[in-house]
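The chain contents come next:
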Amino acid sequence: MYRTHTCGELRHDNIGQEITLSGWVQKTRDKGFMIWVDLRDRYGITQLIFDESRTDKTVMEQAKSLGREFVVQVTGQVIERESKNPNLPTGDVEVLVQKLTILNASELPPFTIEDETDGGEDIRMKYRYLDIRRNPVKEKLLFRHKVAQEVRNYLSAQDFCEVETPYLIKSTPEGARDFVVPSRMNSGEFYALPQSPQTFKQLLMVGGMDRYFQIVKCFRDEDLRADRQPEFTQIDCEMSFVEQEDILQTFEGLTKHLLKKIRNVDVTDFPRMTYDEAMRKYGNDKPDIRFGMEFGELNEVTQHKDFKVFNEAELVVGMAVPNAASYSRKQIDELIDWVKRPQVGALGMVYCKCESDGTFKSSVDKFYDQEDLAKWAEVTGANAGDLILVLSGKANKTREQLSALRMELGNHLGLRKSDEFAPLWVVDFPLLEWDEESERFHAMHHPFTSPKPEDMDKLESDPGAVRANAYDLVLNGNEIGGGSIRIFDKTMQQRMFSLLGFTEEEAENQFGFLMNAFRYGAPPHGGIAFGLDRLVAILGGQETIRDFIAFPKNNSGRDVMIEAPAAISKEQLDELSICVKTE
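Residues numbered from 1 in each chain as written. Predicted model: local features only at pLDDT ≥ 70, side-chain atom pairs only at ≥ 80, totals over all residues. Heavy atoms only, no water.

Participant: Go over the overall build of the chain, please, and point to the residues and values.
Facilitator: From N to C terminus, the chain includes 17 helices and 22 strands. The principal-axis extent of the C-alpha atoms belonging to the chain is close to 90 × 75 × 55 Å. The proportion of buried residues among the 583 residues of the chain is 48%. Contacts in the chain between residues far apart in sequence, at least 24 positions, make up 66% of those at least 6 positions apart. About 29300 Å² of surface is accessible on the chain, with carbon and sulfur atoms providing 47% of the total. Placing the 72 positive and 97 negative side-chain charges of the chain at their respective mean positions leaves the two points 4 Å apart. (Helix = DSSP H or I, 4+ residues; strand = E, 2+ residues; numbered from the N terminus. Buried < 20%, exposed > 50% of the residue type's maximum accessible area, 1.4 Å probe, protein only. Contact = heavy atoms within 4.5 Å. Areas by Shrake-Rupley, 256 points an atom, 1.4 Å probe, with all protein chains shown as cover. Lys, Arg positive; Asp, Glu negative; His and termini not counted. Charge placed at Lys NZ, Arg CZ, Asp CG, Glu CD.)

Participant: Pulling in residues and values, what's your account of helix 14 (residues 490-499)?
Facilitator: Among the residues making up helix 14, those that are buried are M492, Q493, M496, F497 and L499. Looking straight down helix 14, one finds its buried side chains confined to an arc of 160°; they lie on one side. Its buried side turned inward, helix 14 meets strand 18 (432-435), strand 19 (440-443), helix 13 (458-461) and helix 15 (504-517). At the N-terminal end of helix 14, a side-chain oxygen is found 3.2 Å from the backbone nitrogen of T491, two or three residues along, and the residue is D489. In the stretch just after helix 14, G501 is the one whose phi turns positive, near 90°. (Arc of directions from axis to C-beta. Polar contact = N/O pair within 3.5 Å; in protein donor to acceptor, adjacent residues only side chain to side chain.)

Participant: A description of the sheet that holds strand 9 (residues 211-219) should follow, citing residues and the corresponding values.
Facilitator: Pairing in this open sheet of eight strands is mixed, and the strands run 6-9-10-22-21-20-17-11 from one edge to the other. The open sheet has two edge strands, strand 6 (161-162) and strand 11 (272-274), and neither has a second partner. Here strand 10 (residues 231-240) runs beside strand 22 (residues 525-531); their pairing, made up of seven bridges, is antiparallel. Bridging across to strand 22, I235 finds its partner in F530. Along the sheet, helix 4 (residues 135-157) contacts strand 6, strand 9 and strand 10; its crossing angle with strand 9, the most-contacted strand, is approximately 150°. (Pairing = 2+ DSSP bridges. Axes fitted to C-alpha atoms, helices over the stretch in contact; angles between N-to-C directions.)

Participant: Explain empty space enclosed by the protein to me, using residue names and the numbers behind them.
Facilitator: Under the defined criterion, the tally for this structure stands at one cavity of 30 Å³ or more. By volume, the largest cavity is sized at about 40 Å³. As for the largest cavity, its lining consists of M125, R128, F551, P552, D559, V560 and M561. By residue class, the composition of the lining of the largest cavity is five nonpolar, no polar and two charged. (1 Å grid on protein atoms, 1.4 Å probe; cavity = no way out; pocket = protein on both sides within 12 Å on 5 of 7 lines; lining within 4 Å. Points joined across faces, edges and corners; volume = space filled by probe spheres on them. Nonpolar A, V, L, I, M, F, W, Y, C, P; charged D, E, K, R; others polar.)

Participant: Describe in detail the side chain of N478, supporting the description with residues and values.
Facilitator: Within the element layout of this structure, N478 appears in strand 21 (residues 478-485). Leave out the neighbours within four places in its chain, and N478 touches K286, R416, L473, R534, I538 and E543.

Participant: Describe the UniProt feature "binding site: ATP" (unreviewed entry) in the chain, listing the residues and the values that go with them.
Facilitator: The positions that UniProt labels "binding site: ATP" (unreviewed entry) are, in the present scheme, R220, D221, E222, Q229, E479, G531, L532, D533 and R534. Secondary-structure assignment places L532 in helix 16 (residues 532-539). By the element assignment, D533 lies in helix 16. Among all residues touching D533, those that are not within four sequence positions of it are R144, F232, T233, I545 and I549. A polar side-chain atom of D533 sits 2.8 Å from a polar atom in the side chain of R144. (UniProt positions renumbered as here; feature names shortened; annotations may be inferred.)

Participant: How would you sum up the pairing of strand 21? Please name residues and give values.
Facilitator: Here strand 21 lies mainly inside the structure; seven of its eight residues are buried. As defined by bridge partners, strand 20 (residues 470-475) adjoins strand 21 across six bridges and the pair is classed as antiparallel. For Y471, the partnering residue across the bridge sits in strand 21 and is G483. Between strand 20 and strand 21, which pair antiparallel in sequence order, lie two residues; one of them, N476, sits at a positive phi of approximately 55°. Pairing of strand 21 with strand 22 involves five bridges; the strand directions are antiparallel. Residue G483 lies in a different strand from strand 22, and its bridge partner there is I528.

Participant: Which residues make up unusual backbone geometry, and what are the values?
Facilitator: Here the bond from A564 into P565 is cis, since omega is 5°, no more than 30 degrees from zero. Among the structural elements, P565 can be located in the loop between helix 16 and helix 17 (570-575). In the Ramachandran plot, D159 falls in the positive-phi region, its phi being about 70° despite a non-glycine side chain. Counting through the fold element by element, D159 comes out in the loop between helix 4 and strand 6. Assessed through its relative accessible area of 63%, D159 is described here as exposed. The phi angle at N264 is positive, at roughly 55°, despite the residue not being glycine. Here N264 shows up in the loop between helix 6 (244-263) and strand 11.

Participant: Could you give an account of the domain arrangement of the chain, naming the residues involved and the relevant values?
Facilitator: Per the domain assignment, the segments making up the chain are domain 1 (12-104), domain 2 (138-272 + 422-572) and domain 3 (291-413). Computed over C-alpha atoms only, the centres of domain 1 and domain 3 are separated by 63 Å. (Domains from an automatic or database assignment.)

Participant: Account for the pattern of salt bridges, naming residues and giving values.
Facilitator: Applying the stated criterion across every chain yields a total of 41 salt bridges. Taking the shortest distance from any N to any O, the salt bridge between D547 and R128 comes out at 3.7 Å. Taken together, the residues D547 in the loop between helix 16 and helix 17 and R128 in helix 3 (residues 128-131) connect sequence positions 419 residues apart. A salt bridge links K217 to E231; its shortest N-O distance comes to 3.9 Å. Here K217, found in strand 9, pairs with E231, found in strand 10; they are 14 residues apart in sequence, far enough to count as distant. On the basis of relative accessible area, E231 is assigned to the partly exposed category, the value being 26%. (Salt bridge = Lys/Arg side-chain N within 4 Å of Asp/Glu carboxyl O.)

Participant: Residues and numbers for the packing of aromatic side chains, please.
Facilitator: Enumeration according to the criterion identifies 19 aromatic pairs in this entry. Look at F251 and F530: their rings are 5.9 Å apart centre to centre, the planes differ by 45°, and that puts the pair in the tilted class. One end of the pair, F251, is in helix 6; the other, F530, is in strand 22, and 279 residues separate them in sequence. The same class applies to F251 as to F530, namely buried. Look at F497 and F511: their rings are 5.1 Å apart centre to centre, the planes differ by 5°, and that puts the pair in the stacked class. Remark: F511 occurs in helix 15 and F497 occurs in helix 14; sequence separation between them is 14 residues. By relative accessible area, F497 is classed as buried at 1%. Ring pairing ties together the aromatic residues F307, F310, F367, Y368 and W376, which thus form one cluster. (Phe/Tyr/Trp six-rings, centres within 6.5 Å; stacked < 30°, edge-to-face > 60°.)

Written as structure tokens, this is what we have:
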């Protein structure tokens, strides 16, 4: 028996007991006649004591040889600590060691295995298995487990059945790039790793499973950022005989359940906002509604003077920053420099201070009088003491730029509090978006999304105006879930493929299996998928997902620990009939 207790388990009630512990040496303190060792495992830390007056001489010599991260087993008696540590659950006791076994020696780790480590991100990624021993990473993985467990508990209680779907599937032309897998037995042909189990969960509805879910790995070969990895995990769900309202109510319930169980937060309000309203008020389709600073469109109150920059703009839009009229010129210049960065791309920014005495001071006083500026304040909802910031240009790009600035200011002003949670449904997305390069429509969600029933008559006459029967769940400015009511009629699905530029042959080749399934009594159905990695990070008070994943990739999509991706041998390439170009 390697242990009778864990290193986080012993308390005052265990005093006098003989116990056995196993774990890693966190650190040692050698006073010559007495040695203290902090022994660590997943559950906590227990202090060991070796005392030459009470400990066998051989055991004392062994203890002197211990280094950081040695794996050891000890047997001894639980005794009361003379100097108690109130910061440790085990801080009232220590173990007087009678027997010590070194199970495995360790080289000196490349960084310190402590909460506040001296290791940089790159070195910790390379030795991720060591990083996981640190509490900040270990606790995030345990937190992720707890969230996943609560998801399963809730959905199972709602009669959802967990079903596994294949990882080796067929490549499809919609969405991001696929990761492809060559087939040795079918020379020259390839599988794709799934970007989502979309068609399979629809087929499960055709199969009568009624309510399905799966916590599943998905794969997208796309550029990475803080909240994106090439492989990610979805909470994938589908329901039969439902309309949009049924799905929204069900997954409001899941979100409430998680917030209560994980963070002990009660959230009752799930406001709804159309896509058009979100873009108009916040400049993006996943607004953070924990704070205000809604946009005001200023074309009517700015394009009547000789200010060419505004007069030539498709959109002039501004927002009021609360209590920021006191900003110095240096602070305002820093904001202007921020929006002019390549990542944002604005050419400049106009500002207007709403002074406490009711007057206004702007960077364009040469063109606009006090009456004009008062109208700016009215449109943006600015009060005395606020600062109005204004951008102009092409409508979509300008909204995007002001949205980025709003989020930056939200962080800077402390308005995006990690312990506050504000969910929001965004609905009524466009069904299609026009792509200038390919000169055709693309599905904004995917080609299986149903149009809103009241917009069906526009499919042929004005397809760009058709709204999707789709919805996204936003939490604290992050999309945590998205889904739609699906097309379940073969004729309607054919119409959709045609709108998206598929020939009948292409549609049959790519999705004939689904079209055939619709011939055999497909029920009305819809669903949603949550990004588990992002959801866990937000519930954990963060927005970067990497530390909540056991073995993440870096920003280049590489696993620097196992050095993947990597070249394979010529024999393997030949077996797969793959020719690799060389320089």
